[in-house]
Amino acid sequence: MLTRIDHIGIACRNLDETVEFYRATYGFEVFHTEVNEEQGVREAMLKINETDDGGASYLQLLEPIREDSTVAKWLEKNGEGVHHIAFGTADVDGESEAIRGKGVRVLYDEPRRGSMGSRITFLHPKDCHGVLTELVTSAPADAAGH
């Protein structure tokens with residue numbers, strides 16, 4: 001079962017400037033930062049609120065660190081803006097299989113490591129009305145380091 005909007009991913013060209021915009025304009029503070037070499041991004045997670053399922057909702061700001069990364073290619077084509085929406089689930093494996101069974105293409109055969117030690121997969125945007133959709137199982141609280 002999908003339990004929350006985990007995060008909205010926003011592609012940007014300059015992470016520091018974008019973080020400052022969200023801090024100055026909306027008062028959102030950085031909860032976590034990391035470089036994900038596999039995905040070729042530097043990212044900041046800005047916590048918006050806690051959720052009823054024990055998780056939280058975030059804005060995920062993504063700056064590419066390589067020209068060949070998916071986010072860099074997306075920025076070149078689309079410019080800065082909303083890149084994807086992510087839904088939280090307790091079981092990314094089971095949820096992705098159930099959705100695959102409904103005819104939606106799941107982009108990874110096996111979930112991969114995501115932000116803050118989470119496990120993630122993506123759904124093909126052409127099967128989701130043009131929206132790149134991510135499924136996320138958060139890391140246990142002690143494993144996430146927060």
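Looking at an unreviewed UniProt entry, one finds the protein named Methylmalonyl-CoA epimerase and attributed to Yinghuangia aomiensis. You can read under Sequence similarities (unreviewed entry) in the UniProt record for the protein the words "Belongs to the methylmalonyl-CoA epimerase family."

Peer 1: So what about the packing of aromatic side chains? Which residues, and what values?
Peer 2: Scanning the model with the defined rule gives six aromatic pairs in all. Ring centres of Phe21 and Tyr26 lie 5.8 Å apart, and the angle between their planes is 85 degrees; on these two criteria the pair is classed as edge-to-face. Phe21 sits in the partly exposed class, given a relative accessible area of 41%. With a centroid separation of 5.6 Å and an interplanar angle of 35 degrees, the aromatic rings of Tyr22 and Tyr26 are classed as tilted. Pair noted here: Tyr22 and Tyr26 are both in helix H1 (residues 15-26), with a separation of four residues, about one helical turn. On the basis of relative accessible area, Tyr22 is assigned to the buried category, the value being 15%. The class of Tyr26 is partly exposed, set by a relative accessible area of 48%.

Peer 1: Kindly report on helix H2 (residues 70-78), identifying the contributing residues and their values.
Peer 2: For H2, the set of buried residues is Val71, Ala72 and Leu75. In a view along the axis of H2, the buried residues occupy a sector of 100 degrees, so they form one face of it. Seen from the open side of H2, the exposed residues pointing more than 90 degrees away from its buried face are Thr70, Lys73, Glu76 and Lys77. Those residues of H2 hidden inside the fold are in contact with strand E1 (2-11), strand E3 (41-50), strand E4 (56-64) and strand E5 (81-89). Immediately downstream of H2, the backbone of Gly79 shows phi near 80 degrees, a positive value.

Peer 1: Describe unusual backbone geometry, naming the residues involved and giving the relevant values.
Peer 2: Of note in this structure, Met116 is not a glycine but carries a positive phi near 55 degrees. One can find Met116 in the loop between strand E6 (112-113) and strand E7 (119-123). What makes Met116 buried here is its relative accessible area of 13%. Positive phi, close to 55 degrees, is recorded for His129, a residue that is not glycine. For His129, the position within the fold is in the loop between E7 and strand E8 (133-137).

Peer 1: An account of the environment of Lys77 is needed here, citing residue identities and associated values.
Peer 2: Relative to the helices and strands, Lys77 is located in helix H2. Overall, Lys77 belongs to the exposed group, its relative accessible area being 72%. Distance from Lys77 to Thr89, taken between C-alpha atoms, is 30 Å for residues 12 residues apart in sequence.

Peer 1: Give me the lowdown on the side chain of Glu43, citing residues and values where you can.
Peer 2: Inspection of the secondary structure puts Glu43 in strand E3. Although Glu43 lies buried, it forms no salt bridge, and the closest oppositely charged side chain, Arg113, sits 6.7 Å away as judged by the N-O distance. Polar contacts involving the side chain of Glu43 include one to the side chain of Gln60, which spans 3.1 Å. Excluding residues that lie within four positions of it along the chain, Glu43 makes contacts with Leu15, His32, Thr33, Glu34, Asn36, Gln60, Leu61, Leu62 and Ser115.

The rules behind each value
- All chains use their own residue numbering, which begins from 1 and follows the written sequence.
- pLDDT decides what is reported in this predicted model: residues at 70 or higher carry local features, side-chain atom pairs at 80 or more are listed and counted, and totals for whole chains, interfaces and linings draw on all residues regardless.
- As a rule here, side-chain values come from all non-hydrogen atoms in the structure, and water together with hydrogens is ignored.
- UniProt positions are given in the numbering used here, feature names are shortened, and annotations may be inferred rather than shown by experiment.
- Aromatic pairs are defined between Phe, Tyr and Trp rings, using the six-membered ring for Trp, whenever the two ring centres lie within 6.5 Å; interplanar angles under 30 degrees are classed as stacked, those over 60 as edge-to-face, and all others as tilted.
- Think of it in three bands: with a 1.4 Å probe and only protein chains considered, a residue is buried below 20% of the maximum accessible area for its type, exposed above 50%, and partly exposed in between.
- In this text, helices come from DSSP runs of H or I with a minimum length of four residues, and strands from runs of E with a minimum of two, each type numbered from the N-terminal end.
- Think of the arc as the fan of directions from the helix axis to the C-beta atoms.
- Contacts are assigned to residue pairs with any non-hydrogen atoms lying within 4.5 Å of each other.
- In this count, Lys and Arg are taken as positive residues and Asp and Glu as negative ones, while His and the chain termini are left out.
- For this analysis, a salt bridge means a side-chain nitrogen from Lys or Arg found within 4 Å of a carboxyl oxygen belonging to Asp or Glu.
- Under this definition, polar contacts are N or O atom pairs within 3.5 Å; protein pairs additionally need one hydrogen-donor-capable and one acceptor-capable atom, and for neighbouring residues in sequence, both atoms have to be side-chain atoms.

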